[in-house]
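A look at the structure
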Amino acid sequence: MRHLLSAADLGHDEAVMVMDTASQFGSIADRTVKKLPTLRGRTVVNLFYEDSTRTRISFELAAKRLSADVINFAAKGSSVAKGESLKDTALTLEAMGADAVVIRHGSSGAPHRLAHAGWISGSVINAGDGTHEHPTQALLDAYTMRKALCGGKGDLAGLRVAIVGDILHSRVARSNVLLLRTLGADVTLVAPPTLLPHGVQAWPCRTSMHLDDVLGEVDAIMMLRVQSERMQDSYFPTAHEYSQRYGLDASRLARLADRAIVLHPGPMNRGMEISAVVADSGRAVMVDQVTNGVIVRMAVLYLLLGARGPRDVRPDADMPVSA
Ligand code: NCD
């Protein structure tokens, strides 16, 4: 595989391989010396046209832990702000010898254009495109669920997952539905009808309008941010009403199964889709999601760029020189 543009690019075995590879990197992340020489001499460009905290620094750290040279190219303050096109930016990165371009863009499909227009020869990784996809977020979510609920091995067969909130504007939801299904989980999307995308009936999942009906039956519940910046219309009467019907608060938390975990991709709107009590509770795994994001992105970079290729995955063969 050369690019990672969609969660659908990953078959079952490939998705499990990414998680297994991440888990090997996880054992190295606990050491004092966390750096591996694996991608020494390779260049990874973070091309971010949209604001991001977690995802950008997570990719940066992942590439640096593998000894790649990293360039952070933020659209603000670059020639993009002067109107340079994606094509011209891509040609510049190609001329500088980028081996991988990690792109976040407000337009759905921008990473596909970058990968398939023939402007660059390196790998393209989609770090979030419009309301479309965010495959590495889905991988880190699946990894977090596997670690917490499935003994850290294999796939997610039979796991019951609810994804709750603003599905319409969420690239996280789409990538998660695709990947979780590939890994054998049962997914239910919970949202008001106005926040479900057209054509959701064709997605490989169930839908529900009633959060209270699904609480008792899930192993993992993923709360999504209401993405006001992507909303031109009003999709629900008031913030208060939204959080009454679709917010996860302490009383709803108490109705989850004992082993169930709570995920959120961040950034959280505390008091809206998730209460502060839930966000700070022992059931919430947001901090693990961030930790796992780094090793999952290391695995993705390693599998796309690593000299040995996906058939011979042995990240532990490249131990830190001074470890
Ligand atoms: C998400 C995103 O940007 O798509 N966040 C993230 O990558 N961690 C979700 C969001 O912005 O709500």
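Note that this is a predicted model, so its numbers are computed, not measured.

A few words now on unusual backbone geometry. Here the residue pair Gly266 and Pro267 is connected by a cis peptide bond, since its omega of -5° sits within 30 degrees of zero. Structurally, Pro267 is set in the loop between β9 (261–263) and α10 (276–279). Positive phi is not limited to glycine here, since Ser67 has a value of about 70°. Counting through the fold element by element, Ser67 comes out in the loop between α2 (54–65) and β2 (69–74). Taking the relative accessible area as the measure of exposure, Ser67 reaches 16% and is therefore buried.

Next up on the list: the domain arrangement of the protein chain. Per the domain assignment, the segments making up the protein chain are domain 1 (7–134 + 290–318) and domain 2 (135–288). Taking the mean C-alpha position of each, domain 1 and domain 2 sit 25 Å from one another. Every contact between the two is made by 34 residues of domain 1 and, on the other side, 30 residues of domain 2. Between domain 1 and domain 2, roughly 2,700 Å² of surface is buried when both sides are summed, and carbon and sulfur atoms account for 59% of that area. For Asp20, the salt bridge identified is with Arg146, shortest N-O distance 2.9 Å. At the junction of domain 1 and domain 2, the tally comes to 19 residue pairs in polar contact (both at pLDDT 80 or more). Secondary-structure elements contributing two or more residues to the side of domain 1 that touches domain 2 are α1 (12–29), α2, β3 (100–105), β4 (123–129) and α11 (286–305). A class-by-class count of the residues in the side of domain 1 that touches domain 2 yields 14 nonpolar, 13 polar and seven charged.

Moving on, we get to α2. Compared with an ideal rise of 1.5 Å per residue, which puts twelve residues at 16 Å, α2 spans 16 Å between its outermost C-alpha atoms and is within 8% of the ideal. Phi turns positive, to about 70°, at Ser67, one or two residues after α2.

Counting across every chain of the model gives zero disulfides. In this structure Cys150 is a free cysteine whose sulfur lies 19 Å from that of Cys205, the closest cysteine sulfur available. Residue class for Cys205 comes out buried when judged on its relative accessible area of 18%.

All right, on to the confidence of the model for the protein chain then. Put simply, the protein chain has an average pLDDT of 92, and 94% of its residues get 70 or more. Segment residues 308–313 is flagged for pLDDT under 50; beyond a separation of four residues in sequence, or across chains, it makes eleven contacts in the model.

Moving on, we come to the sheet that holds strand β5 (residues 160–164). In spatial order, the strands read β7-β6-β5-β8-β9; together these five strands make up an open sheet with parallel pairing. Unpaired on one side and paired on the other, β7 (206–208) and β9 mark the two borders of the sheet. In this sheet, adjacent strand axes meet at a mean angle of 25° when their direction is disregarded. Looking at chain direction, β5 and strand β6 (residues 186–190) are connected through five bridges and run parallel. Pairing of Val161 across the sheet is with Val187, part of β6.

A rise of 1.5 Å per residue sets the reference length of helix α5 (residues 135–149), with its 15 residues, at 21 Å; its end C-alpha atoms lie 21 Å apart and thus fit the reference within 8%. Summarising burial for α5: 13 of the 15 residues are buried, a large majority. Within two residues after α5, Gly151 carries a phi angle of roughly 70°, on the positive side.

Next up on the list: the layout of surface pockets. Computed from the structure, the largest pocket encloses a volume of approximately 410 Å³. Lining the largest pocket are 20 residues, and of these Arg104, Arg171, Arg225, Gly266 and Pro267 lie nearest its centre. Elements with a minimum of two residues in the lining of the largest pocket: α2 and α6 (171–182). When grouped by side-chain class, the residues that make up the lining of the largest pocket number four nonpolar, eight polar and eight charged. Composition of the lining of the largest pocket by domain shows at least three residues from each of domain 1 (7–134 + 290–318) and domain 2 (135–288). Approximately 240 Å³ is the volume attributed to the second largest pocket. Sorting the residues of the lining of the second largest pocket by element identifies α2, α5 and α11 as the ones contributing at least two each. Looking at side-chain class alone, the lining of the second largest pocket contains eight nonpolar, seven polar and two charged residues. Mapped onto the domain boundaries, the lining of the second largest pocket takes at least three residues apiece from domain 1 (7–134 + 290–318) and domain 2 (135–288).

Thresholds applied
- Residues numbered from 1 in each chain as written.
- Predicted model: local features only at pLDDT ≥ 70, side-chain atom pairs only at ≥ 80, totals over all residues.
- Heavy atoms only, no water.
- Helix = DSSP H or I, 4+ residues; strand = E, 2+ residues; numbered from the N terminus.
- Buried < 20%, exposed > 50% of the residue type's maximum accessible area, 1.4 Å probe, protein only.
- Domains from an automatic or database assignment.
- Contact = heavy atoms within 4.5 Å.
- Buried area = accessible area lost by both parts, 1.4 Å probe.
- Salt bridge = Lys/Arg side-chain N within 4 Å of Asp/Glu carboxyl O.
- Polar contact = N/O pair within 3.5 Å; in protein donor to acceptor, adjacent residues only side chain to side chain.
- Nonpolar A, V, L, I, M, F, W, Y, C, P; charged D, E, K, R; others polar.
- Expected span 1.5 Å × (residues − 1).
- Disulfide = S-S within 2.5 Å.
- pLDDT = per-residue confidence, 0-100.
- Pairing = 2+ DSSP bridges.
- Axes fitted to C-alpha atoms, helices over the stretch in contact; angles between N-to-C directions.
- 1 Å grid on protein atoms, 1.4 Å probe; cavity = no way out; pocket = protein on both sides within 12 Å on 5 of 7 lines; lining within 4 Å.
- Points joined across faces, edges and corners; volume = space filled by probe spheres on them.

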